[in-house]
Amino acid sequence: MPHWGFVLLFLVSQFSQSNTGELRLTVTDPGGLPLPGSVQLSSESTQIEQTLQTDPQGRASARRLPFGRYRISVSRAGFTPFAALVDVRSALPMDCPVVLTIVSVQTQVTVSAADTLLDFRQAATSHRIGADALEHRTSAMPGRSLPDLVNTQPGWLLEANGILHPRGSEYQTQYVVDGLPLTDNRSPAFAPELGSEDVRAMNILTGGYPAEYGRKLGGVIEVVTTAQTPRGFGGAVSVSGGSFDTANVDGLAEYGWERSSLSLAGSAAVTDRYLDPPVEENFTNRGSTASGSVHLAHDLGNSDRLAMILRRGQTHFLVPNERVQQAAGQRQDRDSAETAAQFSYQRIFSPKLLGDVRAMARDLSAALWSNAASTPIVAEQDRGFRELYAKATVSASLGGHELKAGADLSAGSVREMFGYRITDRAPFDPGTPMVFAFADRRRDRESAFFVQDQARYGPWTLLAGLRWDRYRLVVDDSAVSPRLAAAWSWPSAGLVVRGSFDRAFQTPAFENLLLASSPAAQALNESVVRLPVPASRGNFYEAGVSKLLFHRLRLDASGFSRRMRDVADDDLLLNTGVSFPISFTRADIRGVEVKAEVPSWRSVSGSFSYAYLRGVGDLPITGGLLLGDASAALLTSRDRFPVTQDQRHTVRGRVSYARGPAWGAVAIGYGSGLPFEDVSVGEAEVAEEFGPRIADRVNFETGRVRPNMSLDVSAGTVLARKGRQMLRLQAEVRNVTGRIDVINFAGLFSGTAVAAPRSVAVRVRAAF
């Protein structure tokens, strides 16, 4: 816990994401008298399906709705059923009066769920993961629920140890959790994960970013953990277990009043396969996680809202050994912890003007310690990051324009302590010091201003924005970033054509940044000058089309190009799992993504996606902690190389069939294989060090890992249901064929990692 405690500040917009709104419904009879009852709200494009209960005055509100088209359905005995389509496009609340007429003749309702499958105003690439997908998710290894879900979308690559890479970017993924940006590395080896029951929805962006977002723009993952709590007591408990002695429990309890809500969530897990090991034997890979959160929200009136979220998470795990390290008796322990507090206030000044302020205080820590038998080095680390973040925005609705302007400030401090002692000289350059120690602390100051507009002109939708950033940590830098996206729709043909341009200013990862940028690293190789790791700049272009086919299938296709300089990457320190940020001179990344999705057709639903990516980078690099033989040559080399995420072909698909309370699903995955850096040893030496089956999965002629494939099956059923109470059973087998696949191999930047073999899991979930 930080010694300064947590400052209680106000936050924004009910912890919503950037583009969300509110729908306020009033249900009455022809005479204007209120009608209590239920309202169905659904959207195929945003993956939203809610049941709202009107109060005695016939009123109900749906909050935190992603911008899009929604179907409203109201039915009541003695009245004609009502159905309509509503577009939510503003952060300001939208009033929707519903008048139910008395039944006189049979009336046919022509509005269907298929009418919401395609969002005709969507100018940016985004993929929505709703409550149904979250509830039917596979039982991932602890710490990987969110990365596994994101990895089902085109444009994303899940590398070793659950690290996400959007469109060829390394460590440029930004999580926006309940409206607050988290720009640190959120993979299992770096930070505790949010509890699975705590996550209510996710929205994934890879282009057409609003100017409100900055600092990390490889991909943006909007996570919503707050939900519209119904009145009374409710909750859910999920228990799962399976292969590798894995056990997990998640729980959620909530209570809703007329103007307030309170929810508590917690999770805990253990497993014998926490990271992706470098060898098939899976040595020393025990890990455990725990997290908890408290959500409190209160409406002061129709125009004022307060909210608070407190979170705590921690992780402890062993670093998996290679064969030589296991024989030597090596043990390396790592842990991480995070404590955060968020508070919010929102004020609706008028039907056209909304203001909000948000803030967050959090403390992160991570440590590594090694026993004396560790080889080839005994490494120790203790680092931390404290942050106070504040943001203020104002939104205005003016005719066909939705304007938003604001500013944010992050004031933090970074501390690092790192040291090593070499126990085996063989892997290192002769000039590398046998003992090294480093300690430093720096202040981090980052600020930004932005303005953006969403305008509608007939079939055209335009998103325009401008952002200014200032970054001061190891370097002092600033940039102006224009953003522009446009969409043209042809509703009768079910067609949307879109394009976008994003100017990106991306700050380097702060994990171990001080050492990677410090003159102290000069002692490791005195023949070159070490420079601080700079911020990255890039131009992102995208063009795409969305088409509705047969009224049930949505086809999305996009082509993109990203041109960057001072491109962020990382340097992995041997087999410790500790990485140091670097940047290489420039990169050119291009690709194509196609996705076909059927949310629901009779009893079948499913999706299929294909992604092509090609990325080329230019040396030299800046930063890192380069200790291996000849690795320092990268500091002066002018070579070109395929970026580490240059997997040319990626295919994913999933088909689900439901009948009554039971369902079953089959998922497939294919990757053409990642490149690896040149290695000085041959295939025979690799077979001796990593095992013959690992060596067989590496193609030394092409310099790439051989293609990987996966086949997963899952099934479940509702055992009992009564009102809000439900008991559900789910079972699954991942990697049904038991295939051995290598994720990364012998990389200076990525190490070696082996994918999991066949595994089985069972989960029981009770909702009440």
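The residue numbers shown here count from 1 along each chain, following its written sequence. pLDDT decides what is reported in this predicted model: residues at 70 or higher carry local features, side-chain atom pairs at 80 or more are listed and counted, and totals for whole chains, interfaces and linings draw on all residues regardless. Remark: hydrogens and water are excluded; side-chain values derive from all non-hydrogen atoms of the structure.

Novice: Requested: an account of the side chain of Ser260, with residues and values cited.
Specialist: Each helix is a run of DSSP H or I of at least 4 residues and each strand a run of E of at least 2, with the numbering of both proceeding from the N terminus. Assignment of secondary structure puts Ser260 in strand S17 (residues 260-271). Between N or O atoms, a polar contact is any pair within 3.5 Å; within protein, one atom must be a potential hydrogen donor and the other a potential acceptor, and residues adjacent in sequence are included only when both atoms are from side chains. Side chain to side chain, Ser260 and His298 meet in a polar contact 2.5 Å long. Excluding anything up to four places from it in sequence, Ser260 contacts Tyr255, Ala297 and His298. Working rule for contacts: check all heavy atoms of both residues, and any pair within 4.5 Å makes them a contact.

Novice: Got a sec to walk through the sheet that holds strand S13 (residues 201-205)? Specific residues and values, please.
Specialist: In space, the five strands of this open sheet follow the order S8-S13-S14-S11-S12, with mixed pairing throughout. Whereas interior strands pair on both sides, the edge strands pair on one side only; in this sheet they are strand S8 (126-129) and strand S12 (180-182). In this sheet, neighbouring strand axes are inclined to one another by 20° on average, regardless of whether the strands run parallel or antiparallel. Pairing between two strands requires that DSSP report at least two bridges joining them. Summarising the sheet, S13 and strand S14 (residues 219-224) pair through five bridges and their orientation is antiparallel. Note that in S14 the partner of Ala201 across the bridge is Val224. Lines fitted to C-alpha atoms define the axes here, with helix axes fitted over just the stretch in contact, and angles between the N-to-C directions of these axes take values from 0 to 180 degrees.

Novice: Would you mind going over the confidence of the model for the chain in detail, with residue names and values included?
Specialist: Note: pLDDT gives the predictor's confidence per residue, expressed from 0 to 100. Scored by pLDDT, the chain has a mean of 86; 92% of the residues are at 70 or more. This stretch, residues 1-17, has a pLDDT under 50; its non-local contacts, to residues over four places away or in other chains, come to 71 contacts. Long-range and interchain partners of residues 105-109, a stretch whose pLDDT sits below 50, account for three contacts in this model, where long-range means more than four residues apart.

Novice: An account of the packing of aromatic side chains is requested, with residue identities and associated values reported.
Specialist: Between the rings of Phe, Tyr and Trp (Trp by its six-membered ring), a pair exists once the centres lie within 6.5 Å; its type follows the angle of the planes, with under 30 degrees stacked, over 60 edge-to-face, and the other angles tilted. Summed over the entire model, instances satisfying the criterion amount to 16 aromatic pairs. Summarising the aromatic geometry, the rings of Trp488 and Trp490 are spaced 6.5 Å apart at their centres and angled 50° between planes, so their arrangement reads as tilted. Each residue's exposure class comes from its accessible area (1.4 Å probe, protein chains only) as a fraction of the maximum for that residue type: buried when under 20%, exposed when over 50%, partly exposed otherwise. A relative accessible area of 29% means that Trp488 is categorised as partly exposed. Given the relative accessible area of 44%, Trp490 is considered partly exposed. On the numbers, 5.8 Å between centres and 65° between planes, the contact of Phe690 with Phe745 is edge-to-face. Of this pair, Phe690 sits in helix H5 (residues 683-690) while Phe745 is found in strand S39 (residues 742-747), placing the two residues 55 residues apart along the sequence. A single burial state applies to Phe690 and to Phe745, both of which are buried.

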